[in-house]
Amino acid sequence: EDNANSNAERDAMRKALLRAMESETASEVRWRVLYALAALRDPACLELFCASTSAQTVWERFFAVRGIAELARARRIRPDALDSTLDLVLRRLEDSDLRVQLEAALCIGDPSPGGRGTSSRDAPPPFSQRRALDGLIGMLQASSATLAAVAARGIGHFRSRTHEANNALVLALSSPEAQIR
């Protein structure tokens, strides 16, 4: 009964938050709603997260990507939506804001809860498609050493693509930036 009540409460919370987003125009409120929805890891929020990846405000884009990441890490994105969702996240690797770029790289390559780098090396990345790996490889040459380091860590989770990942890591090892090596 407690589990049923908990699920009912989560469902009611999700519905209320999604309803709030329908008419809310204040970005300060919108990003906080996205933040709350990301924590629910509810597949019913994917459409909103995807739409919000192109929002005008940084924090809306950031928490939209975070929401997608939480769903991907929990393997809660429908197979028919994986490719289009990955496309949106890959676009955020080129975002004008470094924080959004970092969140996108974590979304693609870090399987640990919240993208905190705590998963074992054997854990598969949230997105395992070849183009996800290619997106991270492209970030090894980023002007931000932090972004390049996040990309290098993410590449390490592509065990199903060991050959390609190893070639990319060799490139990272040759970087003049100590943080990347």
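Cut-offs applied
Residues numbered from 1 in each chain as written. Predicted model: local features only at pLDDT ≥ 70, side-chain atom pairs only at ≥ 80, totals over all residues. Heavy atoms only, no water. Helix = DSSP H or I, 4+ residues; strand = E, 2+ residues; numbered from the N terminus. Buried < 20%, exposed > 50% of the residue type's maximum accessible area, 1.4 Å probe, protein only. Core = buried A, V, L, I, M, F, W, Y, C linked by side-chain atoms within 4.5 Å. Polar contact = N/O pair within 3.5 Å; in protein donor to acceptor, adjacent residues only side chain to side chain. Contact = heavy atoms within 4.5 Å.

Q: Can you break down unusual backbone geometry residue by residue, with the values?
A: Even without a glycine there, the phi angle at Arg 41 is positive, about 50 degrees. In this structure, Arg 41 sits in the loop between helix 2 (27-40) and helix 3 (46-52).

Q: I'd like a rundown of the environment of Arg 153, residues and numbers included.
A: Examined against the element boundaries, Arg 153 turns out to sit in helix 8 (residues 145-155). What makes Arg 153 partly exposed here is its relative accessible area of 44%. Residues Arg 153 and Leu 136 lie 17 residues apart in sequence; the distance between their C-alpha atoms is 9.4 Å.

Q: Now, about the nonpolar core: what can you tell me, with residues and values included?
A: Counting residues in each nonpolar core, the largest one holds 47 residues, and the members touching the most others are Leu 37, Phe 49, Ile 68, Ile 77, Ile 108 and Phe 127. When residues of this core are traced back to their parent elements, those giving at least two are helix 1 (2-23), helix 2, helix 3, helix 4 (58-73), helix 5 (79-92), helix 6 (98-109), helix 7 (130-139) and helix 8.

Q: Can you tell me about the side chain of Asp 42, naming the residues and giving the values?
A: Inspection of the secondary structure puts Asp 42 in the loop between helix 2 and helix 3. We classify Asp 42 as buried; its relative accessible area is 19%. One polar contact links the side chain of Asp 42 to the main-chain amide nitrogen of Ala 44, over a distance of 2.8 Å. Here Asp 42 is in contact with Arg 14, Leu 71 and Arg 76, once residues within four sequence places are set aside.

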